[in-house]
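Close look at the chain arrangement
Chain by chain, the residues:
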Amino acid sequence: MAMAKRAENRLKGFGGADFAKATQLALVAVFTLLAFAFHYGVVRSADFYSVLVLSACGWLAFEVAVTRPGARRLGRALLLGLFLSAFDFLVETLGGVFGLWTTHYSALPLGLVPAEIAALCLVGGTAWALYIPKKMGLAGAAVDVSVFAFFGALGEALLIEAGLMRYAGGWNSWLAFAAYAVTFALLHAVHGLLFRDA
């Protein structure tokens, strides 16, 4: 009985700030491995979108299996994923309309937005919402924003290198980094509203 109680207490620790830090380090490692795989041709350009979506699905499956969110928490995480997907769709469409960037070779373009990127935002945003603890603290949030801004901008640079994206109209990787930073700062605010009583 005591052993079962100890195991239960360890599981309760999942989803807390320490577990989020460990997950953050794991994400940095995975993002770095993906960047090397894309840059050095381990993954074909034609498969970039699919690999990104499958990686997000793996992350979501991990978060659900380990943190065991209830239906309410999972539903709110999905709402955040939907928010990110809709927000990204709007920003990508506006950027395309104003000639700041173009994307290419989507299996299913949704106007100016690849369906694969919309799916990535939905699934990845849901996983992200589950990984963020209820109380992360300003320093933890700043690190999280920096990590996702860096790898978001790097990801776009790799898409450009693979011929799947092109910048124009003065848009560049520094502006992409800033845009991702603003996006993830906004996501932290939305997460705080959605999960304040979850």
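Everything discussed here concerns the structure shown above.
Presented here is an overview of the structure given in this document. (Residues numbered from 1 in each chain as written. Predicted model: local features only at pLDDT ≥ 70, side-chain atom pairs only at ≥ 80, totals over all residues. Heavy atoms only, no water.)

Topic: the state of the cysteines
Quick reminder of the rule: Two cysteine sulfur atoms make up a disulfide if the distance between them is within 2.5 Å.
Under the counting rule described, the total for this entry stands at 0 disulfides. Counting only cysteine sulfurs, C121 is the nearest neighbor of C57, a cysteine outside any disulfide, at a range of 13 Å.

So, the packing of aromatic side chains
Counted only if it meets this: Any two of the Phe, Tyr and Trp rings considered here, Trp counted by its six-membered ring, make a pair once their centres fall within 6.5 Å; the pair's planes then place it as stacked at under 30 degrees, edge-to-face at over 60, or tilted in between. The secondary structure listing takes helices from DSSP runs of H or I that are at least 4 residues long and strands from runs of E that are at least 2 residues long, numbered from the N terminus. A 1.4 Å probe rolled over the protein chains alone gives each residue an accessible area, and that area as a share of the maximum for its type sets the label: buried under 20%, exposed over 50%, partly exposed in between.
Using the criterion set out here, one finds 11 aromatic pairs in the structure. Measuring from ring centre to ring centre gives 5.7 Å for F31 and F148, while their planes differ by 75 degrees; the resulting arrangement is edge-to-face. With F31 in helix 2 (residues 17-39) and F148 in helix 6 (residues 138-161), the pair connects residues that are 117 residues apart, well separated along the chain. Classification of F148 by relative accessible area gives buried; the value is 10%. Seen in terms of ring centroids, F150 and F151 are 5.0 Å apart; in terms of plane orientation they differ by 85 degrees. Their pairing is edge-to-face. One aromatic cluster is present, built from ring pairs that chain together F31, W59, W128, Y131, F148, F150, F151 and F184.

Quick look at the packing of helix 3 (residues 48-67) against helix 5 (residues 115-131)
Threshold: Fitted lines through C-alpha atoms give the axes, limited to the stretch in contact for helices. The angle between two N-to-C directions lies from 0 to 180 degrees. Put simply, angles under 35 degrees are roughly parallel, angles over 145 are roughly antiparallel, angles from 65 to 115 are roughly perpendicular, and the rest are oblique. By definition, any crossing whose near helix is turned counterclockwise from its far helix by less than a right angle is left-handed, and any crossing with a clockwise turn is right-handed. Contacts are residue-level and defined by heavy atoms, with any inter-residue pair within 4.5 Å sufficient. In the scheme used here, Gly and all other residues not listed as nonpolar or charged are polar, with Ala, Val, Leu, Ile, Met, Phe, Trp, Tyr, Cys and Pro taken as nonpolar and Asp, Glu, Lys and Arg as charged.
Close contact between helix 3 and helix 5 brings their axes to 9 Å; oriented N to C, the two are set at 25 degrees. Taken together, the axes of helix 3 and helix 5 lie roughly parallel to each other. The chirality of how helix 3 crosses helix 5 is left-handed. Along its contact with helix 3, which presents Y49, L52, V53, A56, C57, W59, L60, E63 and V64, the element helix 5 presents E116, I117, A119, L120, V123, G124, T126, A127, W128, L130 and Y131. Looking at side-chain class alone, the contact of helix 3 with helix 5 contains 16 nonpolar, 2 polar and 2 charged residues.

What to know about the nonpolar core
Inclusion rule: Put simply, buried Ala, Val, Leu, Ile, Met, Phe, Trp, Tyr and Cys residues joined by side-chain atoms within 4.5 Å make one nonpolar core.
If you look at the biggest cluster of nonpolar residues, it comprises 42 residues, and the most contacted ones within it are F48, W59, W128, Y131 and F148. When residues of this core are traced back to their parent elements, those giving at least two are helix 2, helix 3, helix 4 (71-97), helix 5, helix 6, strand 4 (165-167) and helix 7 (173-194). Broken down by element, the residue count for this core peaks at 8 residues, all from helix 6. Among residues more than four places away in sequence, those in contact with Y131 are A20, T23, Q24, L27, W59, E63, M136, D144 and F148.

Quick notes on the layout of surface pockets
Here is the rule we go by: Buriedness of a pocket was judged along seven lines, with at least five required to meet protein on both sides within 12 Å; pockets are open sets of points on a 1 Å grid over the protein atoms alone, cavities are sets where a 1.4 Å probe fits but cannot get out, and lining residues have an atom within 4 Å of a point. Grid points are joined across faces, edges and corners, and a volume is the space filled by probe spheres set on the points.
Roughly 1200 Å³ of volume is contained in the largest pocket. Among the secondary structure elements, those contributing two or more residues to the lining of the largest pocket are helix 2, helix 3, helix 4, strand 1 (101-103), helix 5, helix 6 and helix 7. Residues that form the lining of the largest pocket fall into these classes: 33 nonpolar, 8 polar and 3 charged.

As for the packing of helix 4 against helix 5
Running from amino to carboxyl end, helix 4 crosses helix 5 at an angle of 140 degrees, the nearest separation of the two axes being 7 Å. In terms of orientation, helix 4 lies oblique with respect to helix 5. Crossing handedness for the pair helix 4 and helix 5: right-handed. Facing helix 4, whose interface residues are R73, L74, A77, L78, L80, G81, L82, L84, S85, D88 and E92, helix 5 presents I117, A118, C121, L122, G125, T126, W128, A129 and L130.

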